[in-house]
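# A closer look at the structure
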Amino acid sequence: MSLWEYANPARFMRLTERMLPVLGALAVLTVLMGVIWGFFFTPDDYKQGSTAKILYIHVPSATMAVSAWFMMLAGSLIWLVRRHHVSALAAKAAAPVGMVLTLIGLVTGAIWGQPMWGTWWAWDPRLTSFLILFLFYLGYIALWEAIEDPDTAADLTSVLCIVGSVFAVLSRYAVNFWNQGLHQGASLSLDEKENVSDVFWIPLVIAIVGFGLMFATLVLVRTRTEIRLRRASALMSRQRRA
Amino acid sequence: MKALLIRDLTLAFRAGGGFGLALAFFLLVAVIVPLGVGPLTEILGRIAPGILWVGALLACLLSLDRMFALDYEDGSLDLLATSPMPMEGVVGVKALAHWLVTGLPLTALSPLLGLMLNLPGPGYPWLILSLLLGTPALSIIGAFGAALVVGVKRGGLLLSLLVLPLYLPTLIFGAEVVRRGALGLPVQTPLLLLAAITAGSLGLLPYAAAAAIRICLR
Amino acid sequence: MSDPQNWRAHRLVAENLSVARGGLAVLEGIDLNLASGAALVLRGVNGIGKTSLLRTLAGLQPPFVGVLQVPPEDLTYAGHADGLKSVLSVQENLSFWAQVAGQTGTGRAMAAMDLTTLAHRRAADLSAGQKRRLGLARLLVTGRWLWLLDEPTVSLDSASAALFVSVLRAHLGQGGSAVIASHIDLGLPEAEVMELTRYRALHDAPSRGGFDEAFT
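Quick summary incoming for the structure in this document. (Residues numbered from 1 in each chain as written. Chains lettered and ligands numbered in written order. Predicted model: local features only at pLDDT ≥ 70, side-chain atom pairs only at ≥ 80, totals over all residues. Heavy atoms only, no water.)

### Thoughts on the interface of chain B and chain C
If you look at the interface, chain B gives 24 residues, while chain C gives 24 residues. A combined buried area of about 2000 Å² lies between chain B and chain C, and 66% of that area is made up of carbon and sulfur atoms. Considering only the side of chain B, the residues that lose the most area to chain C are Leu79(B), Thr82(B) and Pro84(B), jointly responsible for 31% of the buried surface there. Counting the contacts that link chain B with chain C gives four salt bridges. We note a salt bridge from Arg14(B) to Glu92(C), for which the minimum N-O separation is 2.7 Å. When contributions to the side of chain B that touches chain C are tallied by element, the ones reaching two or more residues are helix 1 (2–13), helix 4 (66–73), helix 5 (76–81) and helix 9 (188–217) of chain B. Of the residues in the side of chain B that touches chain C, the class split is 11 nonpolar, five polar and eight charged. (Contact = heavy atoms within 4.5 Å. Buried area = accessible area lost by both parts, 1.4 Å probe. Salt bridge = Lys/Arg side-chain N within 4 Å of Asp/Glu carboxyl O. Helix = DSSP H or I, 4+ residues; strand = E, 2+ residues; numbered from the N terminus. Nonpolar A, V, L, I, M, F, W, Y, C, P; charged D, E, K, R; others polar.)

### Here we look at empty space enclosed by the protein
Counted according to the given criterion, the structure contains three cavities of 30 Å³ or more. As for the largest cavity, its lining consists of Leu79(B), Thr82(B), Ser83(B), Pro84(B), Leu75(C), Thr76(C), Trp97(C), Val100(C), Ala101(C), Arg138(C), Thr142(C) and Arg144(C). If you list the elements that add at least two residues to the lining of the largest cavity, you get strand 5 (75–78), helix 2 (90–100) and helix 4 (128–142) of chain C. Here the residues of the lining of the largest cavity are counted per class, giving six nonpolar, four polar and two charged. The volume enclosed by the second largest cavity comes to roughly 60 Å³. Trp69(A), Phe136(A), Gly139(A), Tyr140(A), Leu160(A), Gly164(A), Leu161(B), Leu162(B), Pro165(B) and Leu166(B) together form the lining of the second largest cavity. Of all the elements in the fold, those that place two or more residues in the lining of the second largest cavity are helix 4 (125–146) and helix 5 (150–178) of chain A together with helix 8 (156–182) of chain B. (1 Å grid on protein atoms, 1.4 Å probe; cavity = no way out; pocket = protein on both sides within 12 Å on 5 of 7 lines; lining within 4 Å. Points joined across faces, edges and corners; volume = space filled by probe spheres on them.)

### Things to note about helix 4 of chain C
Residue and element names in this part refer to chain C. Helix length check: helix 4 (15 residues) gives 22 Å between terminal C-alpha atoms against 21 Å at 1.5 Å per residue, within 8%. The element helix 4 is extensively covered by neighbouring structure, given that 13 of its 15 residues are classed as buried. Gly 143 lies just past helix 4 and shows a positive phi near 60°. (Expected span 1.5 Å × (residues − 1). Buried < 20%, exposed > 50% of the residue type's maximum accessible area, 1.4 Å probe, protein only.)

### A word on the pattern of salt bridges
Overall, the coordinates contain 18 salt bridges over all chains when judged by the stated rule. Note that Glu190(C) is salt-bridged to Arg169(C), the shortest N-O span being 2.9 Å. Taken together, the residues Glu190(C) in the loop between strand 7 (177–181) and strand 8 (192–195) and Arg169(C) in helix 5 (residues 158–173) connect sequence positions 21 residues apart. Judged by relative accessible area, Arg169(C) falls into the partly exposed class, the value being 37%. Taken together, the shared-partner salt bridges in this structure form one network comprising Arg7(B), Asp8(B), Asp71(B), Asp74(B), Lys94(B) and Lys85(C).

Given below as structure tokens:
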């Protein structure tokens, strides 16, 4: 049985109905575990004190905010190539979740930045790129809302998502070029020397996994809602014509 | 193709075509900013590259919603879509016409506004060159945005929301060229990147825009 | 480029065609076989899908189901809107569309639709009927084999409608063809009439990709 069979809305609904309770419970558990471990069972940073613990929300949400856009890009490409409705609706469903994660990343960054850099906001390249990412989410969601016919909206938002991705990457480099910035380097990288120490690292990874599971849960719930909305409108337009 | 270009230019220059509006808007930006920021010449001189680029960008944005919407409303776009002319060509010609009636005059007007904003002397050639290189990208990116909202009634605000984020790399590199030029620093890197964005946009976006229009007409 | 010499070999063929509006099939099971020199009149109540069918034949929207064969780039479509620019004159509007179609000369078309005296008037100053005549004159300057016409006689008086029918007949006589959606009698007895009510899509018909099946 091919993976594509889950692109059938009915099969997708049946599968996710069984999957969601488990996935949701797992997501809540992992997020709680990562955040509580990070908040209460790690030592204070020698320079930053306890303020650094916002890391356990800031980094996972920022990571997922970017991943959400990649997921939407994948969904858009699948829709344009294979015309699977579930894929287009999943991209639509992911956008508000991604936007909120971007917002959480920005707000927690501001709260962290205040004691650390002495300012709520700086036009630092990472902050600026996230603000730009937020604008891309806003445009994408606005385009979905503006177009009535669902298939046309799916097509146009997919085209926007692909072109937008290219320009988002361009913006990222442009912004780096434009200002060198205050923000510290990556919190996680494969290069061991760059990494934060293990004490902080393990709960952070758990929190990121938790946010990932939470993202998946929310997207599945929202995709199910979108499918039901499509079903309702299909039924209503049939009834009108009958 | 030539007929479409001539028609679009004729329409722009006839009564109600909107030629000059973008220029007037650009001029207004250059007047408004000193009134808001204060008349200190050193401050104005320092922010002039940014103001001029932001002003040019907003002026370009202003006239985008007419690019396809008018042809959509009067049925011309349907007829062009069924004509032998490829939609990519239609998009390219429309963007070219938009550039000829906005981007090019804006570039020509920019040294005068630079003077008003006290742009330092070495910045002028880079101002003209960066706008000359960057405004075609603004027109073609704008054409893509306009194509996305062609079927949306009163899509003007939505269009700004979609197009402005796409304009950011062009703006950053364009303004950087002028800023560095005005300070006498080397401008090669941002200039090449600006040229690359314009070339890439001109090469690829007509296809995306044409696809969007075909979807809207369906 | 379109040449009336080649028109005799042209044919419009559709097999088991379904057309959709807003993602749902409105007409289905349509078979068409239109030869050179023939005209087809589409009949049906408002909302039956005449415009959707014409737009599908014009290639503006893909067939929902079925196969459609049209000689490439040899058709022209005239919808509800005439594609006129109000600040351009009659002559300018026509010569623009002629150039787009790769043709030259607008004099014959203007004479045929009785527009010669209006040649230099701006389209904004034309009456609704005159605009329509200009829109129909555009069909002549494009020099295409197949005319797809959506309610061509709307806002024409009876004399102008008769003028149009004579132009259409001349087009058919040259080997041209036409598909016309119209709810009035055009006075074109040689045209075949297709009653679209017979092809109305059933509400529980399965559609593309099993999508609606899964959704309803």
